[in-house]
Amino acid sequence: GEDVEQSLFLSVREGDSSVINCTYTDSSSTYLYWYKQEPGAGLQLLTYIFSNMDMKQDQRLTVLLNKKDKHLSLRIADTQTGDSAIYFCAEKRGSDYKLSFGAGTTVTVRA
Amino acid sequence: NAGVMQNPRHLVRRRGQEARLRCSPMKGHSHVYWYRQLPEEGLKFMVYLQKENIIDESGMPKERFSAEFPKEGPSILRIQQVVRGDSAAYFCASSQTRTSGNNEQFFGPGTRLTVL
């Protein structure tokens, strides 16, 4: 199975907050990332958090990290139609360079 | 300031043919990574290259797949004698240095390979 797990789908009303959840299994993960993929496009890095942090906020994005439970979440405030995309959680372990990705959460924003 | 470029964006091959995927890293980047995304799965690491060197190919299938990053020109991922299971999106990423810290990997738009 996947080392990084995410729920596959999320539907949210425009203007509401979206919360996307991710769990990972490797306690040596140092950096955790959220990428956004729009249809037919590559992956765009949205934000990341270092493993010694609990929270990081960047404009409409808030990342929460619970190291004890190996749980990562991304909250998007005031969700807009342009936020419709697939969101990938990824981890980097120790000093490694490889990124390990979850299967992605498809976020659909409805009017 | 062009980002990572990949071509072709879509590639259709019949079983047994060869597929050749190209990746031009961002300007100033000498580290290239290839990932494969199977339908409804996350990206899986395949290979990491620097100019003229394969650093880590632990994610590459043992047969039919090869990668290179020559001194001049793009990085090439080659798949010989393609089978239907090779149908996937292949993403290339590049970085300025080896991403042992948080040196970001920038991703290209991907090549979507369909094997008939």
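The structure displayed is predicted, hence computed values, not measured ones.

All right, on to the pattern of salt bridges then. All names here are of chain B. Overall, the coordinates contain seven salt bridges over all chains when judged by the stated rule. Residues E18 and R78 are paired through a salt bridge, measuring 3.9 Å at the closest nitrogen-oxygen approach. With a gap of 60 residues between them, E18 in the loop between β2 (10–13) and β3 (19–24) and R78 in strand β8 (residues 75–79) connect regions that are remote in the sequence. The network of salt bridges with common partners includes E18, R20 and R78.

The next thing to look at is the sheet that holds strand β6 (residues 55–58) of chain A. Residues and elements named next belong to chain A. Reading across from one edge, β1-β3-β8-β7-β6 is the order of the five strands in this open sheet, with antiparallel pairing throughout. Single-partner strands in this sheet number two, and they are β1 (4–6) and β6. Neighbour to neighbour, the strand axes of the sheet diverge by 15 degrees on average, direction disregarded. In this structure, β1 lies alongside strand β3 (residues 18–24), joined through three bridges in antiparallel fashion. Across the sheet, the residue bridging to E5 is T23, located in β3.

About the criteria used
The residue count restarts for each chain, going from 1 along the sequence in the order it is written. Each chain gets a letter, beginning with A, and each ligand a number, beginning with 1, in the order they are written. With pLDDT at 70 or above as the cut-off, local features in this predicted model cover only qualifying residues; side-chain atom pairs require 80 or more to be listed or tallied, and sums for whole chains, interfaces and linings still use all residues. Just so you know, side-chain values use all the structure's heavy atoms and leave hydrogens and water out. Salt bridges are identified by distance alone: a Lys or Arg side-chain nitrogen within 4 Å of an Asp or Glu carboxyl oxygen. Strands here are runs of E lasting at least two residues and helices are runs of H or I lasting at least four, both read from the DSSP assignment and numbered beginning at the N terminus. At least two DSSP bridges between two strands are required for those strands to pair. Axes here mean lines fitted to C-alpha atoms, for a helix over just the part in contact, with angles spanning 0 to 180 degrees between N-to-C directions.

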